[in-house]
Amino acid sequence: MFGAGNEGRPGGRSTRLRRAAVLALVGAVLTGAAACGGDEKGDGDKGGQEAGADGKAPASSPAAESGDSGDPAGSGGTGALGQRDLTALAFTDGEKIGKYTAGEFTLGAPLGEDYTADPATCQPLVSLAKGATAFDPASEVHRNVDVAEEMLGTTVAVQLRSYNGDGAAGVMKALATAGKECAGGFVENRAVAKGQYLKVEPVKAPDHGDEAQAYRFTILDVKGTLKLYEYLTVVRSGTTTLSFRADITDTKDIGKVPDEVVTAQWKKFEAGSKG
């Protein structure tokens, strides 16, 4: 998932082009990005696009193209937040979070349906999109957060998903199971390459919501020479999950998902939910 969120936001297009130019000069790192980067990522996820009758996301739809999916009328189903309500709780396009700026994914939601895990139990660590667990979200919103001026800076995929019934709690259980059973590593498969996760480690989770989990991933690039690092934090509040996947276009270990991003999104969600 190296290079997650590289689609960026419309306002950051020139930055993305510069980033691509730099990547062209850093051979091995570029290969790592191709293997684990997202269509990106995030929380992850099999794309976060609206699924069709076959369980796969359609080639194009207004929801998929905007990075949001779900019922546009905002019904969301029993217990779940509707699309309109969930969108109101997410970062807006251009919203500032300290040095970071939020935006929509210009190429649709991160982690398309071609992202899978082997063994399948590890899928929640790759993606929480439709089909990743036994519980599919009724609505979801995806935002890319980065520092527009930094060509090789940290990128965070922020994804909100709301579920019917006890779906959100079920997702967290599946994630916890994956965290334990896949601690020794697993393979992330995508259409053109594979990414080898060497290690999955639990790290300190934020004290938000009803429950939260956080993980550090050590990933081997496709050449088998570079170790890359990613972080995933998932918070559940009632029937909704907020996931944050952070990485950097470098071999540097960023240490965690930026606190300011997690805290700002949580506060916005919490305040809006109470309102």
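Everything that follows concerns the structure shown earlier in this document.
Attention here is on the structure that accompanies the text. (Residues numbered from 1 in each chain as written. Predicted model: local features only at pLDDT ≥ 70, side-chain atom pairs only at ≥ 80, totals over all residues. Heavy atoms only, no water.)

Digging into the pattern of salt bridges
What the rule picks out here adds up to 10 salt bridges. A salt bridge links E140 to R161, with the nearest nitrogen and oxygen atoms 3.2 Å apart. Here R161 lies in strand β6 (residues 154-162) and E140 lies in strand β5 (residues 139-146), a separation of 21 residues in the sequence. On the basis of relative accessible area, R161 is assigned to the buried category, the value being 0%. Where salt bridges share partners, they join K130, E140 and R161 into one cluster. (Salt bridge = Lys/Arg side-chain N within 4 Å of Asp/Glu carboxyl O. Helix = DSSP H or I, 4+ residues; strand = E, 2+ residues; numbered from the N terminus. Buried < 20%, exposed > 50% of the residue type's maximum accessible area, 1.4 Å probe, protein only.)

As for the state of the cysteines
For the coordinates displayed, the defined rule picks out one disulfide. Two residues, C122 and C182, share a disulfide whose sulfurs are 1.9 Å apart. Taking the sign of the S-S torsion, -100 degrees for the link of C122 and C182, the bridge is left-handed. In this pair, C122 sits in the loop between β4 (116-118) and α5 (123-126) while C182 sits in the loop between α6 (167-181) and β7 (186-189), placing the two residues 60 residues apart along the sequence. (Disulfide = S-S within 2.5 Å.)

Some thoughts on unusual backbone geometry
The residue after D118, namely P119, is reached through a cis peptide bond having omega 5 degrees. By the element assignment, P119 lies in the loop between β4 and α5.

Points about the environment of W266
Checked against the element boundaries, W266 lands in helix α7 (residues 259-274). Residues W266 and G209, 57 residues apart in the sequence, show an inter-C-alpha distance of 8.3 Å. Those residues in contact with W266, other than ones at most four positions away along the chain, are H208, G209, V235, S237 and L242. (Contact = heavy atoms within 4.5 Å.)

Quick look at the packing of aromatic side chains
Applying the stated rule across the entire model yields three aromatic pairs. Measuring from ring centre to ring centre gives 4.2 Å for F186 and Y197, while their planes differ by 20 degrees; the resulting arrangement is stacked. You can see F186 sitting in strand β7 and its partner Y197 sitting in strand β8 (residues 194-202), a full 11 residues away along the chain. A relative accessible area of 0% places Y197 in the buried class. Measuring from centroid to centroid gives 5.4 Å for Y197 and F217, while their planes differ by 65 degrees, and the two rings are edge-to-face. On the criterion of sequence distance, the pair formed by Y197 in strand β8 and F217 in strand β9 (residues 211-220) is long-range, its members being 20 residues apart. Here the two residues Y197 and F217 agree in accessibility, since each one is buried. The structure contains a cluster of three or more aromatic residues connected by ring pairs, namely F186, Y197 and F217. (Phe/Tyr/Trp six-rings, centres within 6.5 Å; stacked < 30°, edge-to-face > 60°.)

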